[in-house]
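So the chains spell out like this:
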Amino acid sequence: MKILLSIFIILMPLLSRENPFFPADSIEAMPITSNKVMSYPSLKRVAISLPDQARVLEDITISYKNLDGSIEKKSIQVNRAVDWHIPIFISQSYGATKEKERQKINFEFINFTINKNEILINTKNSLIRNFLLVSPHRIVLDFKHEANFLSYEKVLKKIPFTKLRIGNHDGYYRVVISLDGRYRYETDTTSYGYRIRVL
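Residues numbered from 1 in each chain as written. Predicted model: local features only at pLDDT ≥ 70, side-chain atom pairs only at ≥ 80, totals over all residues. Heavy atoms only, no water.

Our next topic: the side chain of Thr123. Within the fold, Thr123 resides in the loop between β7 (118-122) and β8 (127-133). Reaching out from Thr123, the side chain makes a polar contact with the backbone nitrogen of Asn125 at a distance of 3.1 Å. The contacts of Thr123, once residues within four sequence positions are left out, are Phe109, Ile110, Phe143, Tyr173, Tyr192, Gly193 and Tyr194. (Helix = DSSP H or I, 4+ residues; strand = E, 2+ residues; numbered from the N terminus. Polar contact = N/O pair within 3.5 Å; in protein donor to acceptor, adjacent residues only side chain to side chain. Contact = heavy atoms within 4.5 Å.)

Moving on: the pairing of strand β2 (residues 56-65). In regular strands, side chains alternate between the two faces of the sheet. Sheet topology note: the β2/strand β3 (residues 71-81) ladder contains nine bridges and is antiparallel. Residue pairing for β3: Val56 is matched across the bridge by Ala81. What sits between the antiparallel neighbours β2 and β3 is a turn of five residues, in which Gly69 has the positive phi angle 90°. (Pairing = 2+ DSSP bridges.)

One open sheet holds the five strands; their spatial order is β5-β6-β7-β14-β13, and the pairing between them is antiparallel. Two strands close off the open sheet at either side, each with one partner strand: β5 (103-106) and β13 (185-189). Here the average twist between neighbouring strands, direction ignored, is 15°. Note that β13 and strand β14 (residues 193-198) share five bridges and pair antiparallel. (Axes fitted to C-alpha atoms, helices over the stretch in contact; angles between N-to-C directions.)

Within strand β6 (residues 111-115), four of the five residues are buried, which leaves it mostly tucked inside the rest of the structure. Sheet analysis places β5 next to β6, joined by four bridges and oriented antiparallel. Each residue of the ladder has a partner; that of Asn106, found in β6, is Asn111. Count of turn residues in the β5/β6 antiparallel hairpin: four residues. Across five bridges, β6 lies against β7 in antiparallel orientation. Bridge assignment links Asn115 to a residue of β7, and that residue is Glu118. (Buried < 20%, exposed > 50% of the residue type's maximum accessible area, 1.4 Å probe, protein only.)

This paragraph deals with the nonpolar core. Formed by 25 residues in total, the largest nonpolar core has its most connected members in Ile110 and Val175. Here the element with the most residues in this core is strand β12 (residues 172-179); it accounts for four residues. Apart from the residues lying within four places of it in its own chain, the contact partners of Ile110 are Ile105, Ile121, Asn122, Thr123, Phe143, Ile166, Tyr173 and Val175. (Core = buried A, V, L, I, M, F, W, Y, C linked by side-chain atoms within 4.5 Å.)

Given two aromatic rings, one states the distance between the centres and the angle between the planes to describe the pair. Evaluation of the coordinates by the stated rule reveals eight aromatic pairs. Ring geometry for Phe109 and Tyr173: centres 4.8 Å apart, planes at 55°, overall tilted. Linking Phe109 in the loop between β5 and β6 with Tyr173 in strand β12, this pair joins segments that are 64 residues apart in sequence. As far as the burial class goes, Phe109 and Tyr173 line up, both buried. Here the aromatic residues Phe107, Phe109, Phe143, Phe149, Tyr152, Tyr173 and Tyr194 are joined through ring pairs into a cluster of three or more. Sitting over the ring of Phe89, Arg45 keeps its end group 4.1 Å from the ring centre. (Phe/Tyr/Trp six-rings, centres within 6.5 Å; stacked < 30°, edge-to-face > 60°. Lys NZ or Arg CZ within 6 Å of the ring centre and 35° of its normal.)

On inspection of all chains with the given rule, the structure shows six salt bridges. A salt bridge links Arg195 to Glu118, with the nearest nitrogen and oxygen atoms 3.7 Å apart. Residue Arg195 is located in strand β14, and its partner Glu118 is located in strand β7; the two are separated by 77 residues in the primary sequence. Classification of Arg195 as partly exposed rests on a relative accessible area of 26%. For Glu118, a relative accessible area of 16% translates into the label buried. Its salt-bridge partner being Asp188, residue Arg195 comes within 2.8 Å of it at the nearest N-O pair. (Salt bridge = Lys/Arg side-chain N within 4 Å of Asp/Glu carboxyl O.)

The following block contains the structure:
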């Protein structure tokens with residue numbers, strides 16, 4: 001028994017990890033996460049060529065990255081005959097209409113120009129604070145200004161923006177921009193006021 005214990009004590013340093021606070025898996029195998037916002041080109045169209053023995057398309061599975069960086073998959077059943085000579089296309093341009101001109105909203109002391117995923121705000125009033133509310137997602141902007149006006153609401157038809165509201169408060173007014181889904185956003189100061197960009 002003493003001999004076994006002695007052997008165990010001698011071999012113990014060889015069996016232990018160099019740093020017990022690191023996981024057993026190698027560092028190279030660990031997933032890397034980041035808060036950095038990656039920029040990707042917009043999906044136009046991609047083609048998938050099938051091998052010459054393909055005859056029936058059973059299902060389609062798409063892997064996608066969420067806003068929080070997690071990866072999920074979505075599958076749909078197809079069960080249709082296919083001609084392997086013709087590629088299968090994945091596109092987001094099918095049935096797309098031409099982008100309408102910029103939408104403009106003019107108010108007494110603030111003007112909005114909506115273009116694609118951003119809103120240009122023309123105002124001399126200082127932005128006090130801005131934050132995001134959820135359920136539904138909406139961007140809230142408070143501007144310093146003494147004013148007395150009735151609340152204003154405008155339905156927006158420019159994805160990802162759905163509605164714009166302006167309300168009067170003591171010493172400031174609030175702009176609420178409703179979104180059609182979950183997004184991050186950036187606020188930049190410009191020579192004419194501010195720019196809100198949805199990511």
